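# Descriptive analysis of the structure
This is what each chain is made of:
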Number of protein chains: 2
Amino acid sequence: MDSDTHEALMRATYRALCRHGYAAVTMQKIADESDKCKGTLHYHYESKQDLLESFLAYLRDGFVERVAVDDDLPPAERLRALVDVVLSPPERRHQAEFQTAILEIKAQAPYTEGYRDLLADIDGHVHRSVADVVSEGVETGAFRSDADPDDVADFVVTILNGAHARHVVEGDLPEHTKRHLWEYLERSLGLDRGVPAE
Amino acid sequence: MDSDTHEALMRATYRALCRHGYAAVTMQKIADESDKCKGTLHYHYESKQDLLESFLAYLRDGFVERVAVDDDLPPAERLRALVDVVLSPPERRHQAEFQTAILEIKAQAPYTEGYRDLLADIDGHVHRSVADVVSEGVETGAFRSDADPDDVADFVVTILNGAHARHVVEGDLPEHTKRHLWEYLERSLGLDRGVPAE
């Protein structure tokens, strides 16, 4: 499949998920959102699950690109930029509907290895990005020497998962989460005396 | 409906949700898990949604009972007991399947006001319980005077939501969450010098 077709199908999948939700979306409904016919979709993808796995991989790749923070920044600034990016989803049409569909897919993860692996990839990327910055900050003396990069990264992944679920249930990204997360990081890393909070 | 019938239907709903998941569960499947016929269920509940709202209220009431921590304990011990309870779901058969069904219901919250309200009730109860203990600890001088009860409580609710979603996707309650949450509370409340971590 050429990259234009792939991009068009991914965008159609996004629109179909927003319109119908995960449970009700079908290959036909995804085709309806594109200029392709259902036969074309079936030529490239065996099933709805297969297409949605491709879509999750597409989301993961976009996410990896978005969270790539300038390596030259000092650790505290890199971490700050990372928190800003992961807690500010891109402005997209139907963001709330989309986050709901992703939560539906999370609830399917126990039954679908492909979803589970791709969701683990996304969380794993956040984990590594945070752990890398924390390690660097500890090594250079910018952060507390007793900060454990994996502990901090694991907690951040939990917090992002929680912000996502609350976003869906409450309808808004909980507004205080970014501030709370940053305060937690400042205390854990000993920044509360050196780096201004805002 | 007498309380035995109600309890029997709630237990049947639990088993049916674990066996079939939220999307696939029906009044018939719930009846199949009980000694009642489908007609009896329809006599008491208009729809699957109506029955599941009653089930969420039943879960909420059980949860409120479980997290009722001895008021006479000092604030740090009450908080510790609260963290233990909320991050140690009761040993139940099919706990993983059940948590998955609850995540499916969270993903339905945007479309179903009854679910949204009941889920908000549960989170609201955690929020108030944490905020009350923190307030008391600040007033008595057991906690840092600059700790904000609502900020701490809101963050705890986010962390519990995150632990739930990760439990479903990864198959295990993330083992470090309880320790990380407690370390966060110790730092936020200034316990890290006074109260042993374990």
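Right above here is the structure, for reference.
Model, not experiment: these values are computed from the prediction.

### Things to note about helix 5 (residues 75-86) of chain B
Residues and elements named next belong to chain B. Between its first and last C-alpha, helix 5 extends 16 Å over 12 residues, near the 16 Å set by a 1.5 Å rise per residue. All buried positions along helix 5 are accounted for by Pro75, Ala76, Arg78, Leu79, Arg80, Leu82, Val83 and Val86. Next to the buried residues of helix 5 lie helix 4 (48-66), helix 7 (113-140), helix 8 (149-170) and helix 9 (177-189).

### Details of the environment of Lys106 of chain B
Following the sequence through the fold, Lys106 of chain B ends up in helix 6 (residues 95-108). Measuring from C-alpha to C-alpha, the distance between Lys106 of chain B and Arg116 of chain B comes to 7.6 Å, with 10 residues separating the pair along the chain. Beyond its immediate stretch of four places on either side in the chain, Lys106 of chain B contacts Leu103, Val168 and Val169 of chain A together with Leu119, Asn161 and His164 of chain B.

### Structural notes on the interface of chain B and chain A
Taken together, the 37 residues of chain B in the interface contact 37 residues of chain A. Across the chain B/chain A interface, buried area totals approximately 3,200 Å², and carbon plus sulfur atoms make up 59% of it. The largest per-residue losses of area from chain B upon contact with chain A belong to Arg166, Val169 and Arg187 of chain B, which jointly make up 20% of the total buried on that side. In this structure, the connection of chain B to chain A is made through four salt bridges. The interface formed by chain B and chain A includes eight residue pairs in polar contact (both at pLDDT 80 or more). Residue assignment for the side of chain B that touches chain A shows that the elements contributing at least two residues are helix 6, helix 7, helix 8 and helix 9 of chain B.

### Considering the packing of helix 4 (residues 48-66) of chain A against helix 7 (residues 113-140) of chain A
Residue and element names in this part refer to chain A. Contact pair helix 4 / helix 7: the axes reach a minimum separation of 9 Å and the direction vectors enclose 5°. The angle between helix 4 and helix 7 places the two elements in the roughly parallel class. Only Gly114, Tyr115, Leu118, Asp121, Ile122, His125 and Val126 of helix 7 make contact with helix 4, whose side of the interface consists of Gln49, Leu52, Glu53, Leu56, Ala57, Arg60, Phe63 and Val64. Among the residues forming the contact of helix 4 with helix 7, the class breakdown is nine nonpolar, three polar and three charged.

### Some details on the pattern of salt bridges
A full pass over the atoms with the stated rule returns 28 salt bridges over all chains. One salt bridge connects Arg78 of chain A with Asp71 of chain A, and the closest N-O pair in it is separated by 3.9 Å. Arg78 of chain A gets classed as buried once you look at its relative accessible area, which sits at 10%. Linking Arg179 of chain B and Glu183 of chain B is a salt bridge whose minimum nitrogen-to-oxygen distance equals 3.4 Å. With a gap of four residues between them, Arg179 of chain B and Glu183 of chain B both fall in helix 9, about one helical turn apart. The class for Arg179 of chain B is partly exposed, based on a relative accessible area of 30%. Judged by relative accessible area, which is 32%, Glu183 of chain B ranks as partly exposed.

### Some remarks on the side chain of Thr100 of chain B
Considering the arrangement of structural elements, one finds Thr100 of chain B in helix 6. Polar contacts involving the side chain of Thr100 of chain B include one to the main-chain carbonyl oxygen of Ala96 of chain B, which spans 2.9 Å. What Thr100 of chain B contacts, discounting residues up to four positions off in sequence, is Ala107, Pro110 and Tyr111 of chain A together with Val168 of chain B.

### A look at the nonpolar core
Formed by 62 residues in total, the largest nonpolar core has its most connected members in Leu185 of chain A together with Leu185 of chain B. Breaking this core down by element, the ones donating at least two residues are helix 5 (75-86), helix 7, helix 8 (149-170) and helix 9 (177-189) of chain A together with helix 5, helix 7, helix 8 and helix 9 of chain B. Sequence-distant contacts of Leu185 of chain B, defined by excluding residues within four places in its chain, comprise Leu79, Val83, Val152, Val156 and Gly190 of chain B.

### A few points about the packing of helix 1 (residues 3-24) of chain B against helix 4 of chain B
Residues and elements named next belong to chain B. Following both chains from N to C, one finds helix 1 and helix 4 inclined at 110°, their axes separated by 10 Å at the closest point. On the basis of their axis angle, the class for helix 1 and helix 4 is roughly perpendicular. In the packing of helix 1 onto helix 4, the handedness of the crossing is left-handed. Of helix 4, the residues touching helix 1 (which contributes His6, Glu7, Met10, Arg11, Thr13, Tyr14, Leu17, Tyr22 and Ala23) are Lys48, Leu51, Leu52, Ser54, Phe55 and Tyr58. Class assignment of the residues belonging to the contact of helix 1 with helix 4 gives a composition of nine nonpolar, three polar and three charged.

### Side note on the relation of the copies chain B and chain A
The transform that puts chain B on chain A rotates by 180° and translates by 0.0 Å along the axis, for an RMSD of 0.0 Å. Both copies are brought into coincidence by an operation consistent with a two-fold rotation axis. When each C-alpha of chain B is compared by its distance to the rotation axis, Gly162 of chain B comes out closest, at 1.7 Å. A symmetric contact is evident, with 100% of the interface residues of chain B recurring at the interface of chain A.

### Quick look at the packing of aromatic side chains
Taken as a whole and judged by the stated rule, the model has 12 aromatic pairs over all chains. The interplanar angle of 85° and the centroid separation of 6.0 Å between the aromatic rings of Tyr22 of chain B and Tyr115 of chain B together place this pair among those described as edge-to-face. Linking Tyr22 of chain B in helix 1 with Tyr115 of chain B in helix 7, this pair joins segments that are 93 residues apart in sequence. You'll find Tyr22 of chain B and Tyr115 of chain B in the same group, each marked buried. Ring pairing ties together the aromatic residues Tyr14, Phe55, Tyr58 and Phe98 of chain A, which thus form one cluster. Its guanidinium or amino end placed over the ring of Tyr22 of chain A, Lys48 of chain A lies 4.6 Å from that ring's centre, counting from NZ or CZ.

Rules and cut-offs
- Residue positions within a chain follow its written sequence, with the count starting from 1.
- Chain letters and ligand numbers both follow the written order, the letters beginning at A and the numbers at 1.
- Where local features are concerned, this predicted model is filtered to residues with pLDDT of at least 70; where side-chain atom pairs are given and counted, the filter is 80 or more; whole-chain, interface and lining totals use all residues.
- The side-chain numbers reported here are obtained from all heavy atoms of the structure, hydrogens and water having been left aside.
- Only DSSP runs of H or I with at least four residues qualify as helices, and only runs of E with at least two residues qualify as strands; both kinds are numbered from the N terminus onward.
- Helices are assigned an expected span. That span is 1.5 Å times one less than the residue count.
- Note on classification: 1.4 Å probe, protein chains only; a residue is buried when its accessible area is under 20% of the maximum for its type, exposed when over 50%, partly exposed between these limits.
- Throughout, a residue-residue contact means that at least one pair of heavy atoms, one from each residue, lies within 4.5 Å.
- Here the quantity called buried area is the total loss of accessible area, with a 1.4 Å probe, experienced by two parts when brought into contact, counted for both.
- Should a side-chain nitrogen of Lys or Arg be within 4 Å of a carboxyl oxygen of Asp or Glu, the pair is scored as a salt bridge.
- We call two N or O atoms a polar contact when they sit within 3.5 Å, provided that within protein one can donate a hydrogen and the other can accept it, with sequence-adjacent residues counted only if both atoms are side-chain atoms.
- Fitting a line to C-alpha atoms yields each axis, with helices limited to the stretch in contact; the angle taken between N-to-C directions then spans 0 to 180 degrees.
- Working definition: roughly parallel below 35 degrees, roughly antiparallel above 145 degrees, roughly perpendicular at 65 to 115 degrees, and oblique for all remaining angles.
- Ten residue types, Ala, Val, Leu, Ile, Met, Phe, Trp, Tyr, Cys and Pro, are classed as nonpolar, four, Asp, Glu, Lys and Arg, as charged, and the remainder, Gly among them, as polar.
- Remark: nonpolar core denotes a set of buried residues (Ala, Val, Leu, Ile, Met, Phe, Trp, Tyr, Cys) joined through side-chain atoms within 4.5 Å.
- If you view the pair so one helix is near and one far, a crossing is left-handed when the near helix is turned anticlockwise from the far one by less than a right angle, and right-handed when it is turned clockwise.
- Least-squares superposition of the copies uses the C-alpha atoms of those residues scoring a pLDDT of at least 70 in each of them.
- Ring pairs shown here join Phe, Tyr and Trp side chains whose ring centres sit within 6.5 Å, with only the six-membered ring taken for Trp; geometry is labelled stacked below 30 degrees between planes, edge-to-face above 60, and tilted in between.
- Charges are assigned to positions over rings by a cutoff of 6 Å between ring centre and Lys NZ or Arg CZ, combined with an angular limit of 35 degrees from the ring normal.

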